Every structure is written in structure tokens, then in C-alpha cells.
Amino acid sequence: MPKAVTLQTPHATYYLQVAADQAAQQKGLGGRMSLSANSGMLFWFNGQQQRCFWMKDMQFPLDIIWLDSNKRVVHEERDLSPATYPHTYCPPEPARYVLELNAGQAQRAGIVPDEALTF
């Protein structure tokens, strides 16, 4: 599994750190003060299942995008504030990948439901 991948959309390129093990997935972006504009985190799980996320220890707002095994967008939550913690966000369908970008980047990149992403 790669440590980093590039996500190319029609409108932007993102450099994603891959959170592949349990420790990295639990920490996520928590505790960081910011994220550069064209960066993000990709949570790469083994298998597809319900994946719920929250804004624990977050210092800045995020867009969270859930993808199935075919890298198809199954759900999005945009502009999630750190103040929403401890609320959890769960997609209506199982997911294998979860993408976190700075708030507003999903719209900027043109990411839409049912779209297949390439990384």
C-alpha cells in the first residue's frame, strides 16, 4: 500500500497522505493546525463496510468524501466544523476509502456523488 497518492480531478490535483494502519486512521488529521490547499488524507481500509467519522481533535473544517471499492463517491459531507464533535457522520452505503480535504475543496475539485475518482 502506498504512503501517498495523487488525486487528479478535472479542476485540481491533490497530494494525499495515506492512512493505512489503525493508528494512522484513528489519529487522522486530528491535532494538526492546518492542511495546505492541495493536500488531504486518504483513509485506505481493507474491505468495504460502514465507515463513520467525527471531528475529534480537529482544528479546521473539512470536506469528507466516502468511496466504495470502485472508488465511486457514495457520500459527501461538506464544510464540517470542529465544533460538530462528538457528532458522527456515516454514509448511507458501505465504503472502502474515505477522503478528507480542506472545507470547500470538494466543490472546487468538482467532486460529485456517483463519480469515480482516480488515485
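Notes on the structure in this doc start here. This one's a predicted model, so the numbers in the text were calculated from it and none came from an experiment.

Structurally, Glu76 can be placed in strand β5 (residues 73-80). C-alpha of Glu76 to C-alpha of Cys90: the two residues are 14 residues apart in sequence and 9.6 Å apart in space. Setting aside residues up to four positions removed in sequence, Glu76 forms contacts with Ile64, Ile65, Trp66, Ala106, Ile111, Val112 and Pro113. A polar contact of 2.9 Å, which involves the side chain of Glu76, links it to the side chain of Arg78.

Attention now goes to the environment of Pro94. Inspection of the secondary structure assignment puts Pro94 in the loop between β5 and β6 (95-102). A relative accessible area of 39% means that Pro94 is categorised as partly exposed. For the pair formed by Pro94 and Trp66, sequence separation is 28 residues and the distance between their alpha carbons is 8.5 Å. What Pro94 contacts, discounting residues up to four positions off in sequence, is Gln48, Gln49, Gln50, Asp68 and Val74.

Once that is clear, we can look at the packing of aromatic side chains. In this description, an aromatic ring pair is defined by two values, namely the gap between the centres and the angle between the planes. Inspection of the entire model under this criterion finds 7 aromatic pairs. Measuring from centroid to centroid gives 6.5 Å for Phe43 and Phe45, while their planes differ by 15 degrees, and the two rings are stacked. Each ring, one from Trp44 and one from Tyr97, has its centre 5.3 Å from the other, and the planes form 80 degrees; the classification is edge-to-face. Taken together, the positions of Trp44 in strand β3 (residues 39-49) and Tyr97 in strand β6 put the pair 53 residues apart, joining distant regions of the chain.

Our focus in this paragraph is the pattern of salt bridges. As enumerated under the stated definition, the model contains 4 salt bridges in all. In this structure, Arg72 and Glu93 form a salt bridge, with 3.1 Å as the shortest nitrogen-oxygen distance. On the criterion of sequence distance, the pair formed by Arg72 in the loop between β4 (62-67) and β5 and Glu93 in the loop between β5 and β6 is long-range, its members being 21 residues apart. Relative accessible area serves as the criterion here: at 23%, Arg72 is assigned to the partly exposed category. Across the pair Glu76 and Arg78 runs a salt bridge, and its minimum N-O distance is 2.9 Å.

Calculation criteria
Residues numbered from 1 in each chain as written. Predicted model: local features only at pLDDT ≥ 70, side-chain atom pairs only at ≥ 80, totals over all residues. Heavy atoms only, no water. Helix = DSSP H or I, 4+ residues; strand = E, 2+ residues; numbered from the N terminus. Contact = heavy atoms within 4.5 Å. Polar contact = N/O pair within 3.5 Å; in protein donor to acceptor, adjacent residues only side chain to side chain. Buried < 20%, exposed > 50% of the residue type's maximum accessible area, 1.4 Å probe, protein only. Phe/Tyr/Trp six-rings, centres within 6.5 Å; stacked < 30°, edge-to-face > 60°. Salt bridge = Lys/Arg side-chain N within 4 Å of Asp/Glu carboxyl O.

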